[in-house]
Amino acid sequence: MQNLFSFRFSENIWRVMPHADPGSSLWVIELRNADLKEVSFAVIDPERLALPWQRIVEGTDWWTSLTAFSGNHIYLHNYRYPEVPEPTDLLAVNVDTGFLSWILPNYLLVKTVSSDLLEVAAKQGDGFRHMLCNAATG
């Protein structure tokens, strides 16, 4: 027998992403309220039939988008210049609380190397400078 999880959000579901660890049952949901031009995020745990949290995350706006879900963080990109479709800032949100852990201005997420390590990049001239970043501290 399979348990079904059902929850109705008042916002539109924009993007849904499972945790990168196949052993995790968590999923993150990007929600949008077009009337208020607000973005919020929620974590669901279908295995426990639970919605641990849903909130507007500090430092986000209508242009913020979900980028990755790995380790103890949900990674978001901000777009400081909405007319330019390039991410400008990387934000990390604590998966347990939904609160902002850190912001890395002028960097974007290239990939999650492991649950503790990220590859990030910053624009440098016509190219990008790549670096490794501690996932816990930014």
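Up top you'll find the structure we're talking about.
An account of the accompanying structure is given in this report. Just so you know, these numbers come straight off a predicted model, no measurement behind them.

## Quick look at the environment of E119
The residue E119 is located in strand β10 (residues 117-124) in this model. Residues E119 and L108 lie eleven residues apart in sequence; the distance between their C-alpha atoms is 8.8 Å. When residues no more than four places from it in sequence are discounted, the contact partners of E119 are L108, L109, V110, K111, V113, H130, M131 and L132. Among the polar contacts listed, one links the side chain of E119 to the side chain of H130, at a separation of 2.8 Å.

## Let's talk about the pairing of strand β7 (residues 89-94)
Where a strand is regular, its side chains alternate between the two sheet faces. Of all six residues in β7, five are buried; the element is thus mostly enclosed. Both strand β6 (residues 73-78) and β7 contribute to a ladder of six bridges, which runs antiparallel. Directly across from H73, in β7, lies its bridge partner N94. Linkage of β7 to strand β8 (residues 100-105), two consecutive antiparallel strands, is achieved through a turn of five residues, within which G98 is found at a positive phi near 80°.

## Some thoughts on the environment of I103
Along the chain, I103 falls in strand β8. Spatially, the C-alpha atom of I103 lies 8.4 Å from that of G59, the residues being 44 residues apart in sequence. Once you skip the residues sitting within four places of it in the chain, I103 turns out to touch L90 and L91.

Conventions adopted
- By convention here, each chain's residues receive numbers from 1 onward along its written sequence.
- Reporting of local features is limited, given that this is a predicted model, to residues whose pLDDT is at least 70; pairs of side-chain atoms are given and counted only at 80 or more, and all residues count toward the totals for whole chains, interfaces and linings.
- Remark: hydrogens and water are excluded; side-chain values derive from all non-hydrogen atoms of the structure.
- Only DSSP runs of H or I with at least four residues qualify as helices, and only runs of E with at least two residues qualify as strands; both kinds are numbered from the N terminus onward.
- Here a residue-residue contact requires only that any non-hydrogen atoms of the pair lie within 4.5 Å.
- In protein, a polar contact requires one atom able to donate a hydrogen and another able to accept it; more generally it is a pair of N or O atoms within 3.5 Å, and residues adjacent in sequence count only if both atoms are side-chain atoms.
- Partly exposed describes any residue whose relative accessible area lies between the buried limit of under 20% and the exposed limit of over 50%, with all areas from a 1.4 Å probe on protein chains only and scaled to the type maximum.
- For two strands to count as paired, DSSP must find a minimum of two bridges between them.

Keep in mind these numbers describe shape, not what the thing actually does.
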